[in-house]
Amino acid sequence: MNITRSTNMFLNSRSALETKSQALNNNRNMYDNYAANPVFSGKERIPARIIDECIDEVVNANPANIAAKMKFHKVINKASHEIMSPENYMSSGRESKVYRISDRYVLKARRGKTAGNAVHFWNVTTAPDKKFNKLSCYYGEPLVKLGNIEILKNAAPNTDSIQCGIPFVAGNNYVHMAEECKKYKKNYIPRAASLPQSSYDEFANDLKILNGMKGGIPGKRVYYAPDVINPNNVLIVDDRIRIVDKLETTSIPNPNSLYTMLDPLLIRFMPEKYAEADASITGDRIQIFKKCLIAGEKSNLPLDLLLPPYMEDYKINSKWALSQILPATASDAISNLKKMRKIYSPIRSRIEYINSLPDK
């Protein structure tokens, strides 16, 4: 009896392994057949519309839909040399470069990767996190990941856009940085100051929504915040503000505050450099500051930074940097708003107070 039972167990186990092996072989054969007979061949240009459709198929497909993933892999592998060309280059960050695919999508490649080595034989992973769909300004969540590239929504489909701060690459060249500082004064600051209040309100409301989101598991909760230490992660597109990098996670609740707006829009030139005092643009800077204050009050954002101990210097430096570029009334205004909140002063009174602040 024992021998018979052992024999049956062995045969069942062998049968299961053979079934699994057969399934793997079927998937491999399916890919090999597709690779041998691709939808596209030769050196013809793949229209952006076709690439968009492939991305849509992966994003909307059932996770078990192997065909959509294989088609996406093949098309991106074929089109990457054209996408990752100087003509389609849009911007650079500390860790990646961004290239335009179409008005709808962009490709973000890890720094140092080229069309020849950015994509390997990885499985395509769809990564749409539905909980971030309610955010109006956030364009940083990858829709699809493949090897060293990510596909994201195109936050700046037209040329009427500008990065906050100074382009990160400028920090490697002081002559270039001096030129970018001139553009910052001439182009960025007036553009940010002229944005309607509704743009600031939308940004602040997204930060409020993020403060209400939690990830992780009970006992190890995480909260979400944009990486505003690098101001290039925030764009002005037409008359709206957009966040274009992946969100950071922290164990500190309510990580998004008034300074989450002030840091990229006003305080920082680049990750390692704060903005400098300049009397010629103080008026515009005060307008940006007042609009951030009003938006922060409407969304009831914290007026101070809540950071883990190892980032305390960042909090101190941001406050110090703000005091260097604005009159003393700026830091006084934040302190006064804290007092007004403590006595439950109505929002209307707080906004009236902000509007009464000097414009110079």
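Please read all numbers here as calculations on a predicted model, not as lab measurements. Each chain has its residues counted from 1, following the order in which its sequence is written. Where totals are concerned, whole chains, interfaces and linings use all residues; where local detail is concerned, this predicted model gives features only for residues with pLDDT of at least 70, and gives and counts side-chain atom pairs only at 80 or more. Here the side-chain values reflect all heavy atoms present in the structure, with hydrogen atoms and water set aside.

J.: Provide a residue-level description of the overall build of the protein chain, including the pertinent values.
T.: A count of helical and extended segments in the protein chain gives 10 helices and 14 strands. Note on definitions: a residue-residue contact is assigned when non-hydrogen atoms from the two residues lie within 4.5 Å. In the protein chain, 71% of the contacts between residues at least 6 apart in sequence involve partners at least 24 apart. Of the roughly 18900 Å² of accessible surface on the protein chain, a fraction of 53% belongs to carbon and sulfur atoms. Think of it this way: any DSSP run of H or I at least four residues long counts as a helix, any run of E at least two long counts as a strand, and we number them from the N terminus. To be clear on the numbers: accessible area is Shrake-Rupley with a 1.4 Å probe, and residue cover counts the displayed protein chains and nothing else.

J.: A description of empty space enclosed by the protein should follow, citing residues and the corresponding values.
T.: In this analysis a 1.4 Å probe is tested at points of a 1 Å grid over the protein atoms alone, and where it fits but cannot get out there is a cavity; an open set with protein on both sides within 12 Å along at least five of seven lines is a pocket; lining residues have an atom within 4 Å of a point. Grid points are joined across faces, edges and corners, and a volume is the space filled by probe spheres set on the points. This model, assessed by the stated rule, comprises one cavity of 30 Å³ or more. Within this model, the largest cavity holds a volume of roughly 70 Å³. What lines the largest cavity is simply I286, F289, K290, L326, P327, T329, A330, L357 and P358. For the lining of the largest cavity, the secondary structure elements donating two or more residues are α7 (282–298) and α9 (329–342). Looking at the lining of the largest cavity element by element, the count peaks at three residues for α7. Among the residues forming the lining of the largest cavity, the class breakdown is seven nonpolar, one polar and one charged. We call Asp, Glu, Lys and Arg charged. Ala, Val, Leu, Ile, Met, Phe, Trp, Tyr, Cys and Pro are nonpolar, and the rest, Gly among them, are polar.

J.: Let's hear about α7: which residues, and what values?
T.: Taking 1.5 Å of rise per residue, 17 residues should cover 24 Å, and α7 covers 24 Å from first to last C-alpha, within 8% of that figure. A 1.4 Å probe rolled over the protein chains alone gives each residue an accessible area, and that area as a share of the maximum for its type sets the label: buried under 20%, exposed over 50%, partly exposed in between. Of all 17 residues that make up α7, 13 are buried, and the element is covered over most of its length. A positive phi of about 55 degrees marks N300, the residue just after α7. Expected span of a helix: the number of residues minus one, times 1.5 Å.

J.: Tell me about the sheet that holds strand β12 (residues 248–250), and name the residues and values.
T.: Sheets are built from strands paired through backbone hydrogen bonds, the pairs being either parallel or antiparallel. Reading across from one edge, β8-β9-β12 is the order of the three strands in this open sheet, with antiparallel pairing throughout. Of all the strands in the sheet, just β8 (215–217) and β12 have a single pairing partner and so form its edges. Averaged over all adjacent pairs, the angle separating strand axes in this sheet is 25 degrees, with direction ignored. Here three bridges tie strand β9 (residues 220–225) to β12, and the two strands are oriented antiparallel to one another. Bridge pairing in β12 places Y223 opposite T250. Think of it this way: DSSP has to see at least two bridges between two strands before they count as a pair. Orientation is described by axes fitted as lines to C-alpha atoms, over the contacting stretch for helices, and by angles from 0 to 180 degrees between their N-to-C directions.

J.: Outline the packing of α9 against helix α10 (residues 347–355), listing residues and values.
T.: Across the interface, α9 lies against α10 with an axial gap of 11 Å and an inter-helix angle of 165 degrees. Relative to α10, α9 is oriented roughly antiparallel. Judged by the sense of rotation from one axis to the other, the crossing of α9 with α10 is right-handed. Across from D332, A333, N336, L337, M340 and R341 in α9, the residues of α10 making contact are S349, R350, Y353 and I354. Partitioned by chemical class, the residues of the contact of α9 with α10 number five nonpolar, two polar and three charged. Here roughly perpendicular refers to angles of 65 to 115 degrees, roughly parallel to angles under 35, roughly antiparallel to angles over 145, and oblique to all remaining angles. When the near helix sits turned anticlockwise from the far one by under a right angle, the crossing is termed left-handed; a clockwise turn instead gives a right-handed crossing.

J.: Tell me what's going on with the pairing of strand β10 (residues 234–237), and back it up with residues and numbers.
T.: The side-chain alternation of β10 yields two buried faces, one formed by V234 and I236 and the other by L235 and V237. As defined by bridge partners, strand β7 (residues 161–163) adjoins β10 across three bridges and the pair is classed as antiparallel. Looking across to β10, one finds that Q163 is bridged to L235. Pairing geometry for β10 and strand β11 (residues 240–243), over four bridges, is antiparallel. Within the sheet, the bridge partner assigned to V237 lies in β11 and is R240. Between β10 and β11, which pair antiparallel one after the other, the connecting turn spans two residues, and D238 there sits at a positive phi close to 55 degrees.

J.: Mind laying out the environment of K97, listing which residues take part and the relevant values?
T.: Summarising the element assignment, K97 is placed in strand β2 (residues 96–100). For K97, a relative accessible area of 31% translates into the label partly exposed. Sequence-wise, K97 and G112 are 15 residues apart; in three dimensions their C-alpha atoms are separated by 8.9 Å. Dropping the residues within four chain positions of it, K97 is found in contact with Y89, S91, S92, L107, K108, A109 and R111.

J.: So, the pattern of salt bridges: which residues are in play, and what are the values?
T.: Pairing is possible between side chains of opposite charge, provided their charged atoms come close. One speaks of a salt bridge when a side-chain nitrogen belonging to Lys or Arg is within 4 Å of a carboxyl oxygen belonging to Asp or Glu. Summed over all chains, the structure comprises 19 salt bridges. With a closest N to O distance of 3.8 Å, E150 and K108 form a salt bridge. You can see E150 sitting in strand β6 (residues 149–153) and its partner K108 sitting in strand β3 (residues 105–110), a full 42 residues away along the chain. Accessibility expressed as a relative area gives 9% for K108, which makes it buried. Bridged by salt links that share partners, the residues K108, E150, D245 and K246 form one connected network.

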